[in-house]
Amino acid sequence: MKKIAVCYKWVLNDGDIRVNDKTRDLDFEKSKPQINEYDRNGLAVGVQLKEASGAELIGITCGVDTEPSAKDALSRGPDMVYYLNDPALAQADSAASSKVLAGMVRSLGDVDVVLCSECSSDDFAQQVGPRLGALLGYPVISYVSAVKLEGDALVMDRKLEEGTESVKVKAPVVVVVSPDVCEAPIPSVKQILGAKKKPANAMDLAGAGLGPDAVKPMVTVQSVKAPLTSRKAVNLLGDGESVADAVAKLVKQLSTDGLL
Amino acid sequence: MADYDAIVVGAGLSGSTAAYCMAKAGLSVLVLERGDAAGVKNVTGGRLYGHSLEKIIPGFASEAPVERKIVRERVTMMTEDSCFTADFHSASRFADPACASYSVLRAEFDAWLAGKAEEAGCDIVCPAHADELLEENGKITGVKAGDDELTAEVVLLADGVNSLLGQKAGLKKELSPHHVAVGAKEVIELPKGVINDRFGLNDGEGAANLFAGFASGGMVGGGFLYTNKESLCLGLVITVADMAKSSIRLPDLLEKFRDHPAVKPLVAGGKLVEYSAHLVPEGGLAMLPALSADNLLLLGDAAGFCMNLGYTVRGMDLAIASGQLAAETVVEAKGKGDFSNAALSGYKSKLEQSFVLKDMQTHKHAPDFIEHTPRMFKEYPALAADVFTQLFRVDGTPSKLMLKKALPLISKVGFLNLIKDGLKGTRAL
Ligand SMILES: Cc1cc2nc3c(=O)[nH]c(=O)nc-3n(C[C@H](O)[C@H](O)[C@H](O)COP(=O)(O)OP(=O)(O)OC[C@H]3O[C@@H](n4cnc5c(N)ncnc54)[C@H](O)[C@@H]3O)c2cc1C
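All values reported here derive from a predicted model rather than from experimental measurement.

**Q** Explain the overall build of chain B to me, using residue names and the numbers behind them.
**A** When helices and strands are counted, chain B shows 16 helices and 19 strands. The dimensions of chain B, computed from C-alpha atoms along their principal axes, are 85 × 45 × 40 Å. Put simply, chain B has 429 residues, and 55% of those count as buried. Accessible surface, chain B: about 18,500 Å² in total, of which carbon and sulfur atoms supply 54%. The distance from the centre of the 44 positive side-chain charges to the centre of the 53 negative ones in chain B is 10 Å.

**Q** Just give me the short version of the packing of aromatic side chains, but keep the residues and values in it.
**A** Pairs of aromatic rings are described using the distance from one ring centre to the other and the angle between the two planes. Residue and element names in this part refer to chain B. In the structure shown here, the tally under the stated rule is nine aromatic pairs over all chains. Residues Phe224 and Tyr226 carry aromatic rings whose centres are separated by 5.7 Å and whose planes lie at 40 degrees to one another, so their mutual orientation is tilted. Exposure remark for Tyr226: the relative accessible area of 4% places this residue in the buried category. Seen in terms of ring centroids, Phe388 and Phe392 are 6.0 Å apart; in terms of plane orientation they differ by 25 degrees. Their pairing is stacked. A residue pair is termed a helical-turn pair when its members lie 3 or 4 positions apart in one helix, as Phe388 and Phe392 do in helix 14 (residues 379-392) at four residues. Residue class for Phe388 comes out partly exposed when judged on its relative accessible area of 33%. Grouped by ring-pair contacts, the aromatic residues Phe60, Tyr102, Phe109 and Trp112 constitute a single cluster. Seen from the ring of Tyr49, Arg314 lies directly overhead, with NZ or CZ sitting 5.8 Å from the centre.

**Q** Kindly report on the nonpolar core, identifying the contributing residues and their values.
**A** In terms of nonpolar packing, the biggest core is built from 86 residues, with Met22, Leu32, Phe60, Phe109, Leu156 and Phe305 of chain B touching the most fellow members. It is helix 9 (residues 316-336) of chain B that provides the largest number of residues to this core, a total of 10 residues. With sequence-adjacent residues up to four places away left out, Phe109 of chain B is seen in contact with Leu13, Leu48, Leu53, Phe60, Ala64, Pro65, Val66 and Val104 of chain B. Grouped together as the second largest cluster of nonpolar side chains are 32 residues, Val147, Met156, Val167 and Val169 of chain A included.

The rules we used
- Along each chain, residues carry numbers from 1 onward, in the same order as the chain's sequence is written.
- The naming scheme follows written order: chains are lettered A onward, ligands numbered 1 onward.
- In keeping with the model being predicted, local features are shown solely for residues with a pLDDT of at least 70 and side-chain atom pairs are shown and tallied solely at 80 or more, while totals for entire chains, interfaces and linings include all residues.
- Each side-chain value is derived from all of the structure's non-hydrogen atoms; neither hydrogens nor water enter the calculation.
- Only runs of H or I of at least four residues qualify as helices and only runs of E of at least two qualify as strands under DSSP, and these elements are numbered from the N terminus.
- The classification of residues rests on relative accessible area computed with a 1.4 Å probe and restricted to protein chains. Under 20% of the type maximum is buried, over 50% is exposed, and intermediate values are partly exposed.
- Here the Shrake-Rupley method, with its probe set to 1.4 Å, supplies the accessible areas, and only the displayed protein chains count as covering residues.
- Only four residue types enter the tally: Lys and Arg on the positive side, Asp and Glu on the negative side, with His and both chain ends excluded.
- For the purpose of locating charges, the reference atoms are NZ of Lys, CZ of Arg, CG of Asp and CD of Glu.
- Between the rings of Phe, Tyr and Trp (Trp by its six-membered ring), a pair exists once the centres lie within 6.5 Å; its type follows the angle of the planes, with under 30 degrees stacked, over 60 edge-to-face, and the other angles tilted.
- A ring has a charge above it when a Lys NZ or an Arg CZ is no more than 6 Å from the ring centre and no more than 35 degrees off the ring normal.
- What we call a nonpolar core is a set of buried Ala, Val, Leu, Ile, Met, Phe, Trp, Tyr and Cys residues that are connected through their side-chain atoms within 4.5 Å.
- Residue contacts are counted whenever heavy atoms from the two residues lie within 4.5 Å of one another.

Set out below in C-alpha cells:
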C-alpha cells in the first residue's frame, strides 16, 4: 500500500446558522467554515492506515474557497493536501463533487485507498463515496465501523441493521467510514504548528484532467428553508386537576396521535 | 535552544498586543489561546478607550472592527420606577483619536488584533489550552499544553482574571470575593436606524450609559448599556461578595433590569442573540500581584489591571498598555540575553511610569469607597427620584420653594452622610 487519499469537505459550521423568523431563510453570516465533522473520522482512519502501512496520506478537497482548509486538514495527519477551487462548485451537487474528486484521485496516480465519510453536514446526500467507486472503477465498502490492515488487504467491519459483516478487500478500494469508526482527536499544538510546514497544493480542473462540464450540477437547488415546528400547546394539568388524571390524559392523547 | 523567544498564554487584548509588539521587534513568538478563535471566550461591557492602542497602531479605528465611536455619555440613578440621568453629548470634544472611545464586540475585535499579531509573524494556535508551566531546576522553561511541551525564554501570562497559571507560579493568590465582581451581559440586535433614533445618534456615533441603584438590586455594582452598530450590550457588574449573599440569580436580575420601564423601550423589538458572563478584577492596587518572576510576566486582567469607578469601567486600555510594556521589557531582556526577574523588573517600573499604575494609584480608594458606600446603590438613587418628583409633580396643592422641598428628603439620608460621601467620592473617583 503506497498511497491513501482522504476526501474532506470544507463546510459552514451548522451550529452558527441562524433562521430568519419571518421568511424562514437561513442566515450564514455568523457561520465560519470548518472541516465537515464526519470527515474528521475519515482523516483519523487515514492516519491509522498510514501508520500501519507506511503509505503516503493525501488530503483532497474541492469547493469555492478551500485553501484555508489545508492548514486544519494537515494538522490532522495527512502529509500533503490538494485543493481544487472553482466558482461553479458553489452550486455543486454530489455528482459534480464526485467527478472533481475522482479526477483529483486519478491525477494523483495509483491511489490504493480512497477514504470518505458517509455524508457532509450541509447536504447530507450520502452519495459521494459510492459515486467515486463507480467513477474510478473501485469497489466500495460502505458503513465501515472498523478497519484493519492485513498484508496488502483491508479487513473491515460493516455495521448493518441486522448485525456486523466482516469483509476483506484488496486495494484499490473506496472505503466509506461511519462516525463510530474511531475517535477523531483534536490536533495538538505541535500538530497545528507542524501543519504550516507541510505542502498545500492547488489543483485546477485541467490538472485533474477535467473540462468545465465536470462541475455542472445535475440537481439545482430551488430554495432552502428552515422547517416550521408547530406545537399543539395542550395543557393537560389544569387548575385543581390531579397528576394521575393528567397522566391518563397524556397517555390517551399520545395513543390517539399514534405515538405509542 | 528554546522553541521560541516568548510564549504568550491567552489571545485577549493584553496577550495579542504583547505578541504583536514582540514580533514587530523580530522576536519569535507563540501564542496559545484556549478558545476556538481569539475573542470567542472574552466578555467586556463594550467600551474601549482607544488611547493605548492608538500609540501602537495609529489610526487603528479605521481598520479595526470597532462598532461606534462614543459621543454620548449617560449616567443614570435608578429606582424601581424612576430614572434620573445626566446626559452629556459632544461629538467634537471626543473627536481626537487620542481620547476617543469605541464600543467593541470582542469576538470580532480580538480576532482582528490576533490577526495583526499573526501578520507580524507570530504563531497563534487555537484552540490550545496551556495546562502547566514547564520548570527545570526551578526555572520556567515553557508551557505544557496537552501532551506537548513547548519551550521559550520567557512566558507571558495574559490568561485573564482567573489566571490559574499565575496562581500556580505563586505570583498571585486565589481571588478574594471582595476583589472581584461578576458581570453578565446580553447582546440585543436592533436595526441601525432604530438605535440611531432611540439614542439620538448619527451613523457611526454611539452612546454609553451606566446605571446605579435598582439595576444592581441595590448591591454594590451597576448596570451598563452600550450601543453597537446593529445591537446593544446590556449588562450588570456586581461584586462577588454581594452576589454570593443575594437570593436573586444574576440572569434574573439582568432580566429585571431589562424590563425596567426606562430600559424596556430602549430594547423593545430587539432580538437577544448572545448571553455571556465573566469575572472582573476590581480590587485595584490592593490585589496587585507580583508582576514578574524569573522568565515570567503577568499581563492585563491576570495582573488585575482594571478599574471600576462606577461611572466608567476600564480594563481593555490597561490590558493593551501592559501588553506593550511587557513586550518592551522582553525585547530589552532579549538584547541582554537575561530573562531573570531582575532583568524583567523593568516591567513594573514601566507600568509605574505609565498611566496604568498611575491611574490605579490615583483611584486606589475607589474600590474601597464603592464597597463601603452602599448608599450610592440604594439611598441616593431614591433621593434623586424624590427630589425630582417634588420638583415636577404639580397637583394643585400649594407649592413650596425648592429648598423646602429638598431639605426633608435629604435629611432622610442624613446631611452628614451626604457631605461625607460626597467628599470621599470626589477624592476616590
Ligand atoms: C461584564 C464586563 C464589562 C466590562 N466592561 C469594560 C468596559 O466597558 N471597558 C473596558 O475597558 N473594560 C471592561 N471590562 C474589563 C475588560 O474586559 C478586561 O479588563 C479585558 O478583557 C482584559 O483583557 P485581557 O487580555 O487581560 O484578558 P481576557 O480578555 O480575559 O483574555 C484572556 C485570554 O486568555 C485565554 N486563556 C485563559 N486561560 C488560558 C489557558 N490556560 N490557555 C490558553 N488560553 C487561555 C482566554 O480564553 C482569553 O482569550 C469589562 C469586563 C466585564 C467582564
